[in-house]
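Single-letter residue listing:
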Amino acid sequence: MQDTVRGSDAAPPTSEDAGRLAEFEARIANGESIEPKDWMPERYRKQLVRMMSQHAHSEIVGMLPEGNWITRAPSLRRKMILLAKVQDEAGHGLYIYCGTETLGVSRDELVDQLLTGKAKYSSIFNYPTLSYADVGVIGWLVDGAAIVNQTVLAKASYGPYARAMVRICKEENFHKRQGYELVAHLANGTPAQRAMVQDAVNRWWWPSLMMFGPHDKDSPNSDDLLRWRVKRFTNDELRQRFVNLTVPQARAVGLTLPDPDLRYDEETKNWEFGPIDWSEFWAVVRGDGPCNRERLAARNKAHAEGAWVREAAAAYAAKHSRQEMAAD
Ligand code: FAQ
């Protein structure tokens, strides 16, 4: 399994550590950024490796559901947009793997955890993409949810992660806009197009709400992450923010959301929503979602087929380092 971050593996703090911990927490309280060579509690490092690696894996596995439609895009324009978007997700994965490596873990190790099924990645990418409308709805809802989460992570206390998020969020904004533009186009199209996009919304709505993680009371990692300002808001707070932003967008294009309990609360100014099916969420997280096995098989196949590229790149780097040493 991935490195545990549970309490039992932590050595009891020495008085020197207690002083360093107080200094570290004072820096965080002061809004300072923690950088790779700074002292940090082992638990902070492990929490970051856990969360950042899961995030990087999500970006890479997240290429698969939409990538499924690249060869069947309905026009050259749609194909170019989708290609650019899926390629961006690969870049996001690479920035975050690089950020995770600054915490003393190698990318090979992280990729191995993904390929052997030991690592988690976002539940959302274990659902199938059944029509081209799914491409629009993923951009609108899934990238929309990612933006709500990641805009806050751009202020996370760990510098390399926060800086990666700034750039990623700029690109995610383009992703969301292209998705919403496609959704609006279909919603204003023929009855068949309208039915297709409504069906996609019906399938992606609840899994999008699950992206924010379990309810706060069932979120064992939130305490550490909030105390050390990796997270700035809880899972439930960000989920609510997403719902509040998204309901008016659905209404603007005449689409409905599949929740009979959805209603606006004048007092809290929130869109209250119905219960989330957590048994579905945990089944997907455990590996029993509709596409978990397919996704891992696709990543393993791609990794095996890319072996010759990694070998050639390593041979090229070795050749250049020999040439540089000879020239010195
Ligand atoms: N799926 O204690 P918490 C994208 C696990 S966006 C699977 O609340 P935490 C863009 C969690 O790991 C998607 N597992 O955990 C894109 C933990 O298990 P562990 C990725 C989940 O960390 C768009 C356990 O449940 N974004 O890729 C999920 O405090 C379109 C208990 O949970 C990020 O990763 C889930 N949804 O809060 C790409 C953002 N939720 O590790 C392509 C960064 C929870 O103890 C196409 N991550 N779990 O064994 C975060 O903000 C946080 O890690 C949360 C979870 C909010 C995801």
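For the structure given in this document, a descriptive report is provided here. (Residues numbered from 1 in each chain as written. Predicted model: local features only at pLDDT ≥ 70, side-chain atom pairs only at ≥ 80, totals over all residues. Heavy atoms only, no water.)

## With respect to the packing of helix 8 (residues 191-210) against helix 10 (residues 235-252)
Taken N-terminus to C-terminus, the directions of helix 8 and helix 10 make an angle of 145°; their axes are 9 Å apart at the nearest point. Across the interface between the two elements, Trp205, Ser208, Leu209 and Met210 from helix 8 touch Arg239, Phe242, Val243 and Thr246 from helix 10. Partitioning the contact of helix 8 with helix 10 into residue classes produces 5 nonpolar, 2 polar and 1 charged. (Axes fitted to C-alpha atoms, helices over the stretch in contact; angles between N-to-C directions. Helix = DSSP H or I, 4+ residues; strand = E, 2+ residues; numbered from the N terminus. Contact = heavy atoms within 4.5 Å. Nonpolar A, V, L, I, M, F, W, Y, C, P; charged D, E, K, R; others polar.)

## Section: the packing of aromatic side chains
As enumerated under the stated definition, the model contains 13 aromatic pairs in all. Considering the side-chain rings of Phe281 and Trp282, the 4.7 Å spacing of their centres and the 70° angle between planes classify their relative orientation as edge-to-face. A residue is classified by how much of its surface remains accessible, and Trp282, at 36% relative accessible area, is partly exposed. An aromatic cluster is defined as three or more aromatic residues linked by ring pairs; in this entry it consists of Phe24, Trp39, Tyr44, Tyr158 and Trp228. In this arrangement the basic side chain of Arg227 is found over the ring face of Trp228, its NZ or CZ atom lying 4.5 Å from the centre. Over the ring of Phe233 we find Arg241; its NZ or CZ atom is 4.5 Å from the centre of that ring. (Phe/Tyr/Trp six-rings, centres within 6.5 Å; stacked < 30°, edge-to-face > 60°. Buried < 20%, exposed > 50% of the residue type's maximum accessible area, 1.4 Å probe, protein only. Lys NZ or Arg CZ within 6 Å of the ring centre and 35° of its normal.)

## Digging into the pattern of salt bridges
Under the criterion given, the structure shown has 22 salt bridges. Here Arg27 makes a salt bridge to Glu32, at a shortest N to O gap of 2.8 Å. The exposure class of Arg27 is partly exposed, given its relative accessible area of 22%. Here Glu32 falls in the partly exposed class, since its relative accessible area comes to 32%. For Asp288, the salt bridge is made with Arg293, and the minimal N-O distance between the two is 2.9 Å. (Salt bridge = Lys/Arg side-chain N within 4 Å of Asp/Glu carboxyl O.)

## With respect to the site of the ligand
Surveying the vicinity of the ligand reveals 39 residues, the closest of which are Arg50, Gln54, Lys120, Ser219 and Lys231. Lys120 places a polar side-chain atom, nitrogen or oxygen, 2.6 Å from an oxygen atom of the ligand. Side-chain polar atom of Asn149 to an oxygen atom of the ligand: 3.0 Å apart, as the coordinates give it. Going through the elements one at a time, helix 2 (42-61), helix 4 (76-101), helix 6 (133-153), helix 7 (159-187), helix 9 (222-227) and helix 11 (278-288) are the ones with two or more residues in the shell around the ligand. Classifying every residue of the shell around the ligand gives 16 nonpolar, 13 polar and 10 charged. (Near = heavy atom within 4 Å. Polar contact = N/O pair within 3.5 Å; in protein donor to acceptor, adjacent residues only side chain to side chain.)

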